[in-house]
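Secondary and tertiary structure notes
Letter by letter, the chains look like this.
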Amino acid sequence: MCLVFVCDEDERVIGRAPAPGECPFCGGVVQAVDVQSQWRLCFLPMYCKTKRKFFCSSCTRQLVMP
């Protein structure tokens, strides 16, 4: 007998807003992006979390804020 588990993670952008400061790499404008991630096991939602990520709008790098 063989068991197969199907796991999946969906990430959905909820909103965007300008953030203070500038990109240390290119000097571009920083955007704060709210992302909702949801883990699924066999198409059943198991875990849901909302995160805020920061990206540069010019060089599209993900920035880490201390």
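Let me begin by describing the structure that accompanies this report.

Thresholds, definitions, all that
- Residues numbered from 1 in each chain as written.
- Predicted model: local features only at pLDDT ≥ 70, side-chain atom pairs only at ≥ 80, totals over all residues.
- Heavy atoms only, no water.
- Helix = DSSP H or I, 4+ residues; strand = E, 2+ residues; numbered from the N terminus.
- Rg over C-alpha atoms; globule rule 2.2 N^0.38 Å.
- Buried < 20%, exposed > 50% of the residue type's maximum accessible area, 1.4 Å probe, protein only.
- Contact = heavy atoms within 4.5 Å.
- Areas by Shrake-Rupley, 256 points an atom, 1.4 Å probe, with all protein chains shown as cover.
- Lys, Arg positive; Asp, Glu negative; His and termini not counted.
- Charge placed at Lys NZ, Arg CZ, Asp CG, Glu CD.
- Phe/Tyr/Trp six-rings, centres within 6.5 Å; stacked < 30°, edge-to-face > 60°.
- Lys NZ or Arg CZ within 6 Å of the ring centre and 35° of its normal.
- Pairing = 2+ DSSP bridges.

It is worth spelling out the overall build of the chain at this point. Scanning the chain for helices and strands turns up 0 helices and 4 strands. Rg of the C-alpha trace for the chain: 16 Å, well past the compact-globule value of 11 Å for 66 residues, more than 25% over. Along the first, second and third principal axes, the C-alpha set of the chain runs to 55 × 20 × 20 Å. For the chain, the proportion of its 66 residues judged to be buried stands at 20%. Expressed as a percentage of contacts within the chain between residues at least 6 apart in sequence, the contacts between residues at least 24 apart total 42%. On the chain, roughly 5,300 Å² of surface is accessible, and the fraction owed to carbon and sulfur atoms is 58%. For the chain, the distance from the average position of its 8 positive side-chain charges to the average position of its 6 negative side-chain charges is 2 Å.

Next up on the list: the environment of S37. Among the structural elements, S37 can be located in strand β2 (residues 29-41). Note: C-alpha distance between S37 and Y47 (10 residues apart in sequence) is 8.2 Å. Beyond its immediate stretch of four places on either side in the chain, S37 contacts E9, D10, E11, Y47, C48, K49 and K51.

Counted according to the given criterion, the structure contains 0 aromatic pairs. Sitting over the face of the ring of F25, R61 holds its NZ or CZ atom 4.1 Å from the ring centroid.

A few words on unusual backbone geometry. With phi around 55°, T60 is a residue other than glycine that occupies positive phi space. For T60, a relative accessible area of 62% translates into the label exposed.

Looking now at the sheet that holds strand β3 (residues 44-56). Strand order in the open sheet formed by 4 strands is β1-β2-β3-β4, with antiparallel pairing between adjacent strands. Since the sheet does not close on itself, it has two edges, and those belong to β1 (7-22) and β4 (62-63), each with one partner. Note that β1 and β2 share 12 bridges and pair antiparallel. Opposite E9, over in β2, you have W39 as the bridge partner.

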